[in-house]
Structure formats: structure tokens, C-alpha cells
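Single-letter residue listing:
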Amino acid sequence: MTNVVITGTGLFTPEYTIDNDALVASFNAWVDTENARRAEAGIEARLAHSSSEFIVKASGIHSRHVLDAEGILDPERMRPRLRERSNDEPSIQCEMGAVAARQALEAAGVAAADIDLVIVGCSNLERPYPAVAVELQAELGAGGYAFDMNVACSSATFAIETAANAIRAGSARRALVVNPEICSAHLNFRDRDSHFIFGDACTAVVLERDDLATSEARFEILGTRLVTRFSNAIRNNAGFLNRVTDADPQALDKLFVQEGRRVFKEVCPLVAALIGEHLQALGFAGDDLARMWLHQANRHMNDLIARRVLGRDPSEQEAPIILDRYANTSSAGSIIAFHLHRDDLAVGALGVICSFGAGYSAGSVVVKRV
């Protein structure tokens with residue numbers, strides 16, 4: 001069996017930051033205008049204000065990075081304002097991916113030309129074709145083949161398993177997994193229950209055959225495990241059939257929608273069981289884990305999942321949180337946590353990268369520092 005190691009990671013963080021106070025001020029200004037319109041129209045239902053305290057209590061989020069703040073904070077727009085690019089320019093996701101990928105390649109000590117496989121996995125791709133992964137492959141000068149994949153917030157771990165399997169099968173020696181998430185573009189900033197959830201970011205991971213790796217910081221992939229279960233509790237109905245079904249492209253269901261309480265109740269036990277059963281199959285127990293790099297969607301979800309796996313409350317070191325300043329960055333979240341909170345692990349220490357979300361879907365990647 002060919003051993004596969006993670007030898008480098010990269011992170012693109014947008015330059016703009018929106019804290020809760022600024023986001024709430026914009027939302028509440030829109031609520032006041034909308035309530036005045038409703039009163040004038042004789043509509044009795046009124047919208048409630050949001051607050052920074054409500055956001056922190058509900059999610060643990062204090063701020064988020066975004067590609068554009070001005071458009072989001074404009075009460076008359078409340079969505080990012082991004083320039084449409086010509087076909088001869090790098091796409092937005094290609095540009096994000098190139099930054100993160102070059103960091104990961106440098107950390108791994110690998111030339112782009114030595115990459116045999118590029119996978120771009122994220123919740124929303126900016127176009128159906130040509131694949132962003134193929135564009136990124138060309139931008140970097142990578143070899144081999146490339147393709148896009150979408151498993152929503154689980155895209156990173158699903159892509160890591162796909163890349164690791166390709167290396168084990170001999171169809172690739174080195175692979176690059178990139179997760180460019182522009183979550184602010186599919187978020188309804190006029191929904192009190194979700195207007196604060198997402199931020200933008202891009203991550204990259206280099207995987208190699210162990211016998212080819214030169215990086216001193218290596219994490220051997222001991223095993224991967226994936227699970228999916230259909231649910232409508234998290235949904236986005238935007239798609240190419242909207243124009244032929246005469247659906248309203250501005251309808252609320254063409255953006256992110258979820259039943260938050262239902263997601264919490266159904267996803268947490270699913271993920272905890274996935275990790276626990278995966279560890280058991282590999283001959284380990286929860287107590288053997290030194291680190292849990294969990295999907296960064298909600299602080300309460302992460303705490304509950306870690307508690308169920310470990311059998312006790314996790315420390316900040318055991319289950320690091322980055323969503324307080326990045327918010328939910330979909331598939332990039334668990335990789336951001338891994339990128340920022342792994343260097344202190346001793347040789348032989350075990351950890352799990354786990355992402356979960358719409359589908360439902362969840363992926364577990366158990367690694368060992370070598």
C-alpha cells in the first residue's frame with residue numbers, strides 16, 4: 001500500500017473584514033426601511049432587528065473576511081459587488097486558488113509542474129465549464145489532469161479522499177486540492193437568522209506519495225471515510241434550469257437557506273458517529289486524538305461533536321476554533337483550522353480533519369504527524 005502524506009497547505013484571506021457591529025448596522029437600517037414600507041402598505045408583520053450579541057450567542061462568530069464589503073454593507077444592495085471578468089482574465093476563483101496553491105506548493109517544496117492532479121472542490125463554482133480546476137492547472141503550470149467537484153461544505157475532505165485514492169492507485173504521484181469559497185455571494189444578507197453566517201476564503205492542500213516527499217512537516221493519511229444522507233434542511237436551488245422552468249432568479253430559495261435547529265439535531269450525531277466509527281475501524285479511540293480540525297460552521301456544533309468523540313469537554317487546543325474571525329467558509333473551514341493549528345503537534349500525534357454540511361454530507365480524514 002502506498003502511503004500518502006499531506007506536505008503543504010495554503011490560505012488566501014480576502015483583504016476586507018466585516019465585524020458584527022457593521023453587519024448589524026446595515027441589516028437594521030434595511031429593516032427600518034422595509035418596516036416603513038410595510039406600514040405604508042398596510043402590512044402588519046414587522047421584521048426584527050439583529051444584534052451583535054444575538055450573532056455571537058447563536059454562532060460564536062465575531063467577524064468575517066469578504067471579497068467586497070461595500071456592496072454587502074449598502075442597505076440598498078446587500079450583496080457583494082464583484083467585477084465581471086473577460087474570458088481572457090483569470091476567473092475570481094482561479095485567482096484565489098492560485099494564491100493559496102502557491103503557498104501550499106512552497107510549503108511542500110513541490111514545483112507546480114510536478115503536480116499530476118488538481119481538484120477544485122467548493123460549494124459554488126462560478127461557472128459550469130470550462131472547469132475552474134483546469135483553468136487553475138493552466139495558471140499554475142501544473143501537469144496531469146484536473147476537475148471540479150461539489151459536495152457543499154464537505155468538498156475538501158471528499159476531494160482529499162479522491163486525491164489520496166488516485167495516488168494510492170498510481171494514477172497520480174502528487175495532487176493539489178483547492179477550495180475557493182465565495183460564500184458571501186450566495187448568502188441572503190436580509191435574513192436575520194443567517195445574514196451573519198458566511199465569509200470568503202480559499203485553501204489549498206498538497207498530497208504526495210510518502211517516498212517522494214521532501215517536506216519535514218508531513219501528515220500521513222491513515223484513512224478516510226465519507227457519508228451522505230439526503231436532506232432538504234440545507235438547500236440552494238440556483239441552477240441552469242431556473243431559466244427554463246421560469247423560476248424567479250431573485251427568489252429566496254436561489255440563495256442559501258437552512259432549518260438551523262433541525263440541522264443541529266441531525267448533523268451532530270451523524271458526524272460524531274462517523275468520526276467515532278472511523279477511529280474504531282483504524283484501531284483508535286477518541287482519547288487517542290491530539291487535535292480535531294472540525295468544519296467551522298457553528299461553535300455549539302463543534303463543541304458538541306468534539307465532546308461526543310472525546311467523551312469530555314475539548315480544550316481550545318484540541319478542537320481549535322477559527323470561525324470567530326473567519327465565520328463559516330464552507331469547505332475551506334476545516335482546512336483553515338488545520339493550516340493554522342498543526343505545527344505544534346509532536347511526531348506520532350493523531351488528528352482528524354472533518355467537514356460536514358448540505359447533503360447531508362460528512363468526511364473524516366485521520367492523519368498522523370510523521
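Right above here is the structure, for reference.
Residues numbered from 1 in each chain as written. Predicted model: local features only at pLDDT ≥ 70, side-chain atom pairs only at ≥ 80, totals over all residues. Heavy atoms only, no water.

With that out of the way, let us pick up a nonpolar patch on the surface. On the surface, Phe240, Leu241 and Val244 cluster together to form a nonpolar patch covering roughly 350 Å² of accessible area. Assignment of secondary structure puts Leu241 in the loop between β9 (234-235) and β10 (257-258). (Patch = residues over 30% accessible without salt bridge, like charges linked within 9 Å, V, L, I, M, F, W, Y side chains within 5 Å. Areas by Shrake-Rupley, 256 points an atom, 1.4 Å probe, with all protein chains shown as cover. Salt bridge = Lys/Arg side-chain N within 4 Å of Asp/Glu carboxyl O. Helix = DSSP H or I, 4+ residues; strand = E, 2+ residues; numbered from the N terminus.)

The nine strands lie next to each other as β5-β4-β6-β7-β1-β8-β13-β12-β11, forming an open sheet whose pairing is mixed. Only two strands of the sheet have a single neighbouring strand rather than two, namely β5 (145-149) and β11 (289-294). Between one strand axis and the next, the sheet turns through 25° on average, direction left out of account. Where strand β1 (residues 4-12) and strand β8 (residues 219-228) come together, two bridges link them in antiparallel fashion. Following the sheet pairing, Val5 is matched in β8 by Glu220. In the packing of helix α5 (residues 132-140) onto the sheet, contacts are made with β4 (117-121), β5 and β6 (174-182), and the angle to β5 comes to roughly 140°. Sheet strands in contact with helix α6 (residues 155-169) are β1, β4, β5, β6, β7 (200-209), β8, β12 (350-357) and β13 (361-369), and its direction is about 120° off that of β8. (Pairing = 2+ DSSP bridges. Axes fitted to C-alpha atoms, helices over the stretch in contact; angles between N-to-C directions. Contact = heavy atoms within 4.5 Å.)

Geometrically, a packed helix pair is captured by the angle between its two axes and the distance between the axes. Between helix α7 (residues 260-281) and helix α8 (residues 299-310), whose axes approach to 9 Å, the crossing angle comes to 35°. The element α7 and its partner α8 pack so that their crossing is right-handed. Contacts between α7 and α8 pair Val263, Phe264, Val267, Cys268, Pro269, Val271, Ala272, Ile275 and Leu279 from the former with His300, Met301, Leu304, Ile305, Arg308 and Val309 from the latter. The residue makeup of the contact of α7 with α8, split by class, is 13 nonpolar, one polar and one charged. (Left-handed = near helix turned anticlockwise from the far one by under 90°. Nonpolar A, V, L, I, M, F, W, Y, C, P; charged D, E, K, R; others polar.)

One finds Val271, Ile275, Leu289, Met292, Ile305, Val309 and Phe356 to be the most contacted residues of the largest nonpolar core, which totals 50 residues. When contributions to this core are tallied by element, the ones reaching two or more residues are α1 (20-41), α7, β11, α8, β12 and β13. With nine residues, the single largest contributor to this core is α7. Ignoring sequence-local partners within four residues, the contact set of Phe356 consists of Cys153, Ser154, Val267, Val271, His295, Met301, Asn302, Ile305, Ser361 and Ala362. Among the nonpolar cores identified, the runner-up in size contains 36 residues, and Ala164, Ile336, Leu345 and Ile353 belong to it. (Core = buried A, V, L, I, M, F, W, Y, C linked by side-chain atoms within 4.5 Å. Buried < 20%, exposed > 50% of the residue type's maximum accessible area, 1.4 Å probe, protein only.)

Within a regular strand, side chains alternate between the sheet's two faces. β13 sits mainly inside the fold: eight of its nine residues count as buried. Both β8 and β13 contribute to a ladder of nine bridges, which runs antiparallel. Across the sheet, residue Gly223 finds its bridge partner in β13, namely Val366. In this sheet, β13 lies alongside β12 in antiparallel orientation, the contact comprising eight bridges. By the bridge assignment for β13, Val352 is matched with Val366. Hairpin geometry of β12 and β13 is characterised by an intervening segment of three residues between the two adjacent antiparallel strands and by a positive phi of about 140° at Gly359.

This part is about the pattern of salt bridges. All chains considered together, the criterion is met by 19 salt bridges. A salt bridge links Arg218 to Asp210; its shortest N-O distance comes to 3.1 Å. Here Glu266 ties to Arg262 by a salt bridge, and the two come within 3.3 Å at their closest N and O atoms. Of this pair, Glu266 and Arg262 both sit in helix α7, four residues apart, which is roughly one turn of that helix.

Turning next to the packing of aromatic side chains. Tallied over the full model, the rule gives seven aromatic pairs. Here the aromatic rings of Phe54 and Phe196 are separated by 5.9 Å at their centres, their planes lie at 90°, and the arrangement is edge-to-face. Placement of the pair is Phe54 in helix α2 (residues 52-59) and Phe196 in the loop between β6 and β7, with a sequence separation of 142 residues. A relative accessible area of 4% means that Phe196 is categorised as buried. Between Trp293 and Phe338, the aromatic rings sit 4.8 Å apart at their centres with planes inclined by 85°, giving edge-to-face as the arrangement. Of this pair, Trp293 sits in strand β11 while Phe338 sits in helix α10 (residues 332-340); the two residues are 45 residues apart in sequence, bridging distant segments of the chain. Here the two residues Trp293 and Phe338 agree in accessibility, since each one is buried. (Phe/Tyr/Trp six-rings, centres within 6.5 Å; stacked < 30°, edge-to-face > 60°.)

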